[in-house]
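Tertiary structure, described
Residues per chain, in single letters:
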Amino acid sequence: MEGKLSKRQTVYLPGSQSGMTVNITPYTLVKETLEEICTKLGIISQAEMEEYAMFALYEKGAQPGADNCIRLKKEEYIMDIITQMRLHQISCTLLFERICWYYPLHYDVISYDCTNMMYHQAIQLYLDGWLIALPPSGSKVPHKLTEDIIQIASLMWRIGTNDDEALHLDVCVEFVPDLVLTYKILSPTQIFDGMAKCLKHLDPMTSTELDFKIDVLDILRRWPMFGASFYKAKCQTEPKLGGKCILAVNRAGVHFLDSDSQKCVLSYPFTEVISTRKILTDTIEKLDFKVGNNRIQKIIQIETNQAGDIVHIIGQYIKVLNSCAKLSS
């Protein structure tokens, strides 16, 4: 009977066209499928499995006014989710992603699919401009930053092709975030010249596509905002933020960024995040952060439509940190 009720379900990973197939039954929990996928990817530590999550991506317009990408709770039954979507004639795709980036990147033990997934997650955030913090107005752009941007662009080019003759001025700009050009961090000519020089040292005969993807991750993981989840918000309780801001959460803690320059204005490690509290009203969703230490504490309140996701990601990081501390003791 159980065999007749089982179903082969595809779960998609960032950068994967075919996805990963798993067997599910009416009794299969999201937690069990997460663990199965992690094991296939070479992630065998229970503590590290906590860094991953599954999402349901609904077709746009299926639920007016609702978020079309929803994180699945670990105690939910996958078959129930799929069945409900079918009953309402809603197309739904299951996604698997890394949401916490506390543990190091174990290239030696994880599979190609896992490294590829992490590369595509990180590179999308990079190209969207989230990982770059602009220097203060009038300040010189750090040479290391422009060097890294050129190196990443060159590695991305090499991942896609070995034909360096196809590199042109109008093509090279596609391999850098838009804000690099908007804020004149680099000009198209500087990007082209830098890539042409850098590509001479990236030999496709001695390195593989995977090697180049690992090189990109190794550059980005040294950046302060690597692995962060970003949320647009408004804050009226903190004068330094001046209204609109960006909240970033990564292994280093909770960061409040300027909405224009993405420069970090306030930052709190998880040891100084005392509590979070959602406040729901008829029109606005608010989130209170109680931050500080034993001597000095304060409340920072933000307005956001992603309060639940923010509370969850902070909770996940704290859970991972506590698990890591127990393993070390």
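Attention in this report is confined to the structure presented alongside it. Owing to the predicted nature of the structure, the values given are computational and were not obtained by experimental measurement.

**A word on the layout of surface pockets**
- By volume, the largest pocket is sized at about 1500 Å³.
- As for the largest pocket, its lining consists of 41 residues, of which Phe55, Cys69, Tyr231, Gln306 and Asp309 are closest to the centre.
- Put simply, the parts of the chain that give the lining of the largest pocket at least two residues each are strand S3 (52-58), strand S4 (69-71), helix H4 (78-87), strand S5 (92-98), helix H5 (112-127), strand S6 (229-235) and helix H11 (307-328).
- When the residues that make up the lining of the largest pocket are grouped by side-chain class, the tally is 21 nonpolar, 10 polar and 10 charged.

**As for the packing of aromatic side chains**
- As enumerated under the stated definition, the model contains 9 aromatic pairs in all.
- Ring centres of Tyr126 and Trp223 lie 5.8 Å apart, and the angle between their planes is 65°; on these two criteria the pair is classed as edge-to-face. Of this pair, Tyr126 sits in helix H5 while Trp223 sits in the loop between helix H10 (209-220) and S6, placing them 97 residues apart in sequence.
- Residue Trp223 is classed as buried on the basis of its relative accessible area of 9%.
- Look at Trp130 and Phe230: their rings are 5.0 Å apart centre to centre, the planes differ by 20°, and that puts the pair in the stacked class. One end of the pair, Trp130, is in the loop between H5 and helix H6 (143-160); the other, Phe230, is in strand S6, with 100 residues separating them in the sequence. Here the two residues Trp130 and Phe230 agree in accessibility, since each one is buried.

**Describing empty space enclosed by the protein**
- Per the counting criterion, the structure on display carries 1 cavity of 30 Å³ or more.
- Here the largest cavity defines a volume of roughly 40 Å³.
- Around the largest cavity sit Ile43, Glu48, Tyr52, Arg98, Pro104, Leu105, His106, Ile110, Cys114 and Met118, which together line it.
- Partitioned by chemical class, the residues of the lining of the largest cavity number 7 nonpolar, 1 polar and 2 charged.

Rules used in this analysis
- Residues numbered from 1 in each chain as written.
- Predicted model: local features only at pLDDT ≥ 70, side-chain atom pairs only at ≥ 80, totals over all residues.
- Heavy atoms only, no water.
- 1 Å grid on protein atoms, 1.4 Å probe; cavity = no way out; pocket = protein on both sides within 12 Å on 5 of 7 lines; lining within 4 Å.
- Points joined across faces, edges and corners; volume = space filled by probe spheres on them.
- Helix = DSSP H or I, 4+ residues; strand = E, 2+ residues; numbered from the N terminus.
- Nonpolar A, V, L, I, M, F, W, Y, C, P; charged D, E, K, R; others polar.
- Phe/Tyr/Trp six-rings, centres within 6.5 Å; stacked < 30°, edge-to-face > 60°.
- Buried < 20%, exposed > 50% of the residue type's maximum accessible area, 1.4 Å probe, protein only.

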